[in-house]
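# Tertiary structure, described
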Amino acid sequence: MPEEEFRKILKKWREIARGVDEYIEEEFKKIEREVRELKAMMEPSWTSNGTLKPLYSIRETPDSYIIYVDIPQADEGSLNVGFQKNKVIIQAKLKKEVRLTGWTGRGGETTFTQYEETITLPTPINPEKAKVRAKKGIIEIRVPKKSITP
Amino acid sequence: MMVFREEFFGDFKIVEYEAFRLKEPGYGLIALPDTGLVGVIGAGHLVKSLQLKEVGGIDSYTYLPPIAVVSKGDVRLPIRVFAGDNILAIYSEFMPSAPAIPLLARAVLDFMERRGVRFLLMASGLPVQNRFELSNLRTYYLTNSSEARKVFEGMGALPFENGYLVGPYAMMLKEALKYHVEMALLLTESFLEFPDPEASARNLEIISKLLGKEIDVKELIEQAEVIRIKARDAMKAAIPNLTKMRKDYELSTPLNI
């Protein structure tokens, strides 16, 4: 087989292999996302030691993540946002202890004192340039993605 | 749970716990989990303010999780029916799967029509990306009633003229076209994924004017943060359903209208 022909076949083969890899990766990501969602649905949003897990949402731009976290009744002065590789760790005390009265047993007997959540982002982040704002019990965290040098 | 009357609409079962009669003109309010739980939070406050009585419930062993609601020691069905004076309210913190919503819509609308509802009212949230920055929330309306239009415009609401609606209220609207009822949908700017009692309060101010009944939203505003804590689980449960329904279409640009 002439060398040129062999190169063409090899190139085509590599393209197919890359396509298969991308497809498998995408499918794994989908499964991971579904498992994560299912796990989150089954996890209670509180613990009996008085910790509430806040609702949050993540928006992604080409170079950063914008995270909104709903922490009603939180003392914004006690808010602590920490960063670790691709994780954002949020802690805040409640302004006053909260009891969800009218709810029999379970969390109805718990006194809640704080929020705590660890949010895992898809890629590493650059915490030095992160910006945090709080308003009416909602926090906005803007954190740039870590630029990956090839 | 006393059963006074029970009827089946396909796989949905409507149970009345007692006999009730709506005064004329009957208004029917439907509240299902959607954007920011705006409709559900608002309906909960309306039921409390107007002291509506729980007169029935709706269930489905096919389309709803096997849930029994226990309220003040009584066993109730997951979709709750409240009534009082000329108002009938359908309230649910649980959402059936997307394919079941048209069936639920037909069951509810049929039931409402036979119980004397002449005006169908829905109030929800309109997701906006910059909700974090907003203090003055705009409300949009969609109605086939000239009388309601006057009230809404008098309250500063704007007509919803073009765009997409996705979710349980979109389905309800489409099904309601087959019934000869007047109807209105109010949409106030809100968070999509966080409970938004402020948006509910804005809707209720307008509903209060339309119904000619005083609904004090002061308590709702004061209790907003506590309500947001209580509503976290219902919100968390609603999000996967809204994602599956492609709620993101609401933020997409229509190509040709």
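The rules behind these values
- Residues numbered from 1 in each chain as written.
- Chains lettered and ligands numbered in written order.
- Predicted model: local features only at pLDDT ≥ 70, side-chain atom pairs only at ≥ 80, totals over all residues.
- Heavy atoms only, no water.
- Domains from an automatic or database assignment.
- Phe/Tyr/Trp six-rings, centres within 6.5 Å; stacked < 30°, edge-to-face > 60°.
- Helix = DSSP H or I, 4+ residues; strand = E, 2+ residues; numbered from the N terminus.
- Buried < 20%, exposed > 50% of the residue type's maximum accessible area, 1.4 Å probe, protein only.
- Lys NZ or Arg CZ within 6 Å of the ring centre and 35° of its normal.
- Pairing = 2+ DSSP bridges.
- Contact = heavy atoms within 4.5 Å.
- Axes fitted to C-alpha atoms, helices over the stretch in contact; angles between N-to-C directions.
- Patch = residues over 30% accessible without salt bridge, like charges linked within 9 Å, V, L, I, M, F, W, Y side chains within 5 Å.
- Areas by Shrake-Rupley, 256 points an atom, 1.4 Å probe, with all protein chains shown as cover.
- Salt bridge = Lys/Arg side-chain N within 4 Å of Asp/Glu carboxyl O.
- Lys, Arg positive; Asp, Glu negative; His and termini not counted.
- Charge placed at Lys NZ, Arg CZ, Asp CG, Glu CD.
- Parallel < 35°, antiparallel > 145°, perpendicular 65-115°, else oblique.
- Left-handed = near helix turned anticlockwise from the far one by under 90°.
- Nonpolar A, V, L, I, M, F, W, Y, C, P; charged D, E, K, R; others polar.

## So, the domain arrangement of chain A
- According to the domain assignment, chain A consists of domain 1 (1-43) and domain 2 (45-144).
- For domain 1 of chain A versus domain 2 of chain A, the distance between C-alpha centres works out to 35 Å.

## Points about the packing of aromatic side chains
- Counting across every chain of the model gives nine aromatic pairs over all chains.
- A centroid spacing of 5.6 Å and a plane angle of 55 degrees characterise the contact between tyrosine 68 of chain A and phenylalanine 132 of chain B, whose relative ring orientation is tilted. In this pair, tyrosine 68 of chain A sits in strand E4 (residues 64-70) while phenylalanine 132 of chain B sits in the loop between strand E9 (117-127) and strand E10 (139-143), so the two residues belong to two different chains.
- Of the residues examined, tyrosine 68 of chain A reaches a relative accessible area of 5% and is grouped as buried.
- An angle of 50 degrees between the planes, with centres 5.5 Å apart, marks the rings of phenylalanine 191 of chain B and phenylalanine 194 of chain B as tilted.
- You can call phenylalanine 191 of chain B buried: its relative accessible area is 10%.
- Here the aromatic residues Trp46, Trp103 and Phe112 of chain A are joined through ring pairs into a cluster of three or more.
- Of note, arginine 115 of chain B hangs over the ring of phenylalanine 20 of chain B, and the distance from its end group to the ring centre comes to 4.3 Å.
- Sitting over the face of the ring of tyrosine 249 of chain B, arginine 246 of chain B holds its NZ or CZ atom 4.7 Å from the ring centroid.

## Here we look at the sheet that holds strand E3 (residues 26-31) of chain B
Residues and elements named next belong to chain B.
- The strand order across the open sheet built from 10 strands is E1-E2-E4-E7-E8-E3-E9-E12-E10-E11, with neighbouring strands paired in mixed fashion. One side of each edge strand has no neighbouring strand; the edge strands of this open sheet are strand E1 (5-9) and strand E11 (158-159).
- Of the pairings in the sheet, the one linking E9 to strand E12 (residues 182-190) comprises nine bridges and is parallel in character. Each residue of the ladder has a partner; that of leucine 126, found in E12, is glutamate 189.
- Contacting E1, strand E2 (12-16), E3, strand E4 (53-59), strand E7 (79-84), strand E8 (87-92) and E9, helix H2 (residues 101-114) crosses the sheet at an angle of about 135 degrees to E1.
- Contacts from helix H3 (residues 146-154) reach E9, E10 and E12, with the element oriented near 175 degrees to E10.

## Points about the environment of leucine 22 of chain B
All names here are of chain B.
- Looking at the secondary structure, you find leucine 22 in the loop between E2 and E3.
- For the pair leucine 22 and leucine 88, spaced 66 residues apart in the sequence, the C-alpha separation amounts to 7.5 Å.
- Once you skip the residues sitting within four places of it in the chain, leucine 22 turns out to touch Ala83, Asp85, Asn86, Ile87, Leu88, Arg115, Gly116 and Val117.

## A short note on a negative patch on the surface
- A surface patch of negative charge is lined by Asp21, Glu22, Glu25 and Glu26 of chain A.
- Within the element layout of this structure, aspartate 21 of chain A appears in helix H1 (residues 3-42).

## Considering the packing of helix H1 (residues 38-49) of chain B against helix H5 (residues 197-211) of chain B
All names here are of chain B.
- Following both chains from N to C, one finds H1 and H5 inclined at 55 degrees, their axes separated by 8 Å at the closest point. As judged from the angle between their axes, H1 and H5 are oblique. Both H1 and H5 take part in a crossing whose hand is right-handed. Counting all contacts with H1, which are made through Val38, Ile41, Gly42, His45 and Leu46, the residues of H5 involved are Pro197, Ala199, Ser200, Asn203, Leu204, Ile207 and Leu211.
- Per-class residue counts for the contact of H1 with H5 are eight nonpolar, four polar and no charged.

## Remarks on the pairing of strand E5 (residues 80-84) of chain A
All names here are of chain A.
- The sheet contact formed by E5 and strand E6 (residues 87-99) spans five bridges and is antiparallel. Across the sheet, the residue bridging to glutamine 84 is lysine 87, located in E6.
- Hairpin connection between E5 and E6: a loop of two residues separates the two successive antiparallel strands, and lysine 85 in this loop has a positive phi of roughly 50 degrees.

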